[in-house]
Amino acid sequence: MCLIAAALVWSSAPARRGAAPLATARPSPRIPAATATAATPTPTAATGSGPQRLQGATPGPIRLAAPLLTLGRPFAGDGLGLKAAPSYPYGTTGGGAYILHHGLDFGNPQGSPVRAVAAGEVVFAGIDSDGEVYGASNERFPEGFYGRLVVIRHPLLLDGQPLYSLYGHLSRLRVARRQHVKAGDAIGAVGMAGIALGPHLHLEIRDHAQDYGRTYNPDLFLAPLAGEGLIVGRVSDPAGKTMPKVAVNLFKLDDKGKAGWWTATATYPDGPVRPLPELDENFVLSDLPAGRYRVVANAGGGPIQADVTVVAGKASGVELRRKVSP
Ligand SMILES: [Zn+2]
């Protein structure tokens, strides 16, 4: 989606990613105590060739098999233009300000070249109301939900399903259906077509080209930027079931162990966004400089927290499990 656009003011955003303007999600004013109370530090062996389950995992680096963490960014260059808006992650409503997000938003200026995140074949390049529907609903929007968009099928499989990337709200198309592209090829330009309120790119990863309900969190597929990693987490109840719509705050720990607020998100609701089946995550915090962090979930009945080390180029997994029912 992308009513977020108006809130994306990267030109004035401070260098620290987490300090970009949040919609309505605000960090807890209370810095958590240094004692970690996260649950169950029981290591779980990875199974098969898929990603490692988070349930019961010790906080720290986990193995995510390709195509996870392998795709390029949809923009060239460096800096904030490569990073999605931290105020509106996948599976959140930006603190209640927007509709549930099925992708990530990149706030680059109108006309900026948008690039393929991996090689593949263009399966759609057109307007989201030309007989094929890719967004949630095209009613009320003459250009459809995503307006001008491109969908690419990649020769990559996830659970036996082909992987697609979708680029929405474009001002211009630079490819046509059935065209083959390489990673990094310019496929269009940033715009505000469809429901967007301002120029930005909406990026999705799907395992079915035309199904709005078949997305995954793109943060799990994009390769970390130099010196950075990500945290993949799940907040769960005492029975191990994921808890929806729980506020999650992230604090960075300095070398003395003091915590400073970094960013915030919320756990996925119960559908229609999806965790990776093998991982069963319900939040991801991405583009984090390597270092020590404290993750705090406000799941009712007091915060649940754990300290996590983020390693450059890797995902760190953490499960925050409630010990007793709220
Ligand atoms: Zn969006």
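Residues numbered from 1 in each chain as written. Predicted model: local features only at pLDDT ≥ 70, side-chain atom pairs only at ≥ 80, totals over all residues. Heavy atoms only, no water.

Asks: Hey, could you run me through the packing of aromatic side chains in this one?
Replies: Describing an aromatic ring pair means giving the distance of the ring centres and the angle of the ring planes. Inspection of every chain in the model, using the stated rule, returns eight aromatic pairs. Taken together, a centroid distance of 4.6 Å and an interplanar angle of 35° make the contact between phenylalanine 124 and tyrosine 134 tilted. With phenylalanine 124 in strand 4 (residues 120-127) and tyrosine 134 in the loop between strand 4 and strand 5 (148-158), this pair connects stretches of sequence that are ten residues apart. Taken as a pair, phenylalanine 124 and tyrosine 134 share a single burial class, namely buried. Seen in terms of ring centroids, phenylalanine 145 and tyrosine 146 are 4.9 Å apart; in terms of plane orientation they differ by 75°. Their pairing is edge-to-face. A single burial state applies to phenylalanine 145 and to tyrosine 146, both of which are buried. Counting every residue linked through ring pairs, the aromatic cluster contains Phe145, Tyr146 and Tyr212. Looking at lysine 252, its charged tip hangs above the ring of tyrosine 293, at a distance of 5.2 Å from the centre. Lying across the ring of tyrosine 216, arginine 274 places its NZ or CZ 4.2 Å from the centre. (Phe/Tyr/Trp six-rings, centres within 6.5 Å; stacked < 30°, edge-to-face > 60°. Helix = DSSP H or I, 4+ residues; strand = E, 2+ residues; numbered from the N terminus. Buried < 20%, exposed > 50% of the residue type's maximum accessible area, 1.4 Å probe, protein only. Lys NZ or Arg CZ within 6 Å of the ring centre and 35° of its normal.)

Asks: Looking at this model, I keep getting lost on the sheet that holds strand 14 (residues 283-289). Mind explaining?
Replies: Sheets are built from strands that pair by backbone hydrogen bonding, the pairs being arranged parallel or antiparallel. In spatial order, the strands read 1-17-11-14; together these four strands make up an open sheet with mixed pairing. At either end of the open sheet lies a strand with only one pairing partner, and these are strand 1 (60-62) and strand 14. Between one strand axis and the next, the sheet turns through 35° on average, direction left out of account. Direction of pairing for strand 1 relative to strand 17 (residues 315-321): antiparallel, over a ladder of three bridges. (Pairing = 2+ DSSP bridges. Axes fitted to C-alpha atoms, helices over the stretch in contact; angles between N-to-C directions.)

Asks: Explain the nonpolar core here, please?
Replies: As a rule of thumb, nonpolar side chains are buried together in soluble globular proteins. Counting residues in hydrophobic clusters, the biggest one holds 44 residues, and the most contacted among them are Tyr167, Ile187, Phe221 and Val232. Shared between two domains, this core holds at least three residues of each, these being domain 1 (29-65 + 224-321) and domain 2 (70-220). Excluding residues within four positions of it along the chain, isoleucine 187 makes contact with Val114, Arg115, Ala116, Val150, Ile152, Tyr167, Leu173, Arg174, Val175 and Val181. Among the nonpolar cores identified, the runner-up in size contains 20 residues, and Ile231, Met243, Val308 and Leu320 belong to it. (Core = buried A, V, L, I, M, F, W, Y, C linked by side-chain atoms within 4.5 Å. Domains from an automatic or database assignment. Contact = heavy atoms within 4.5 Å.)

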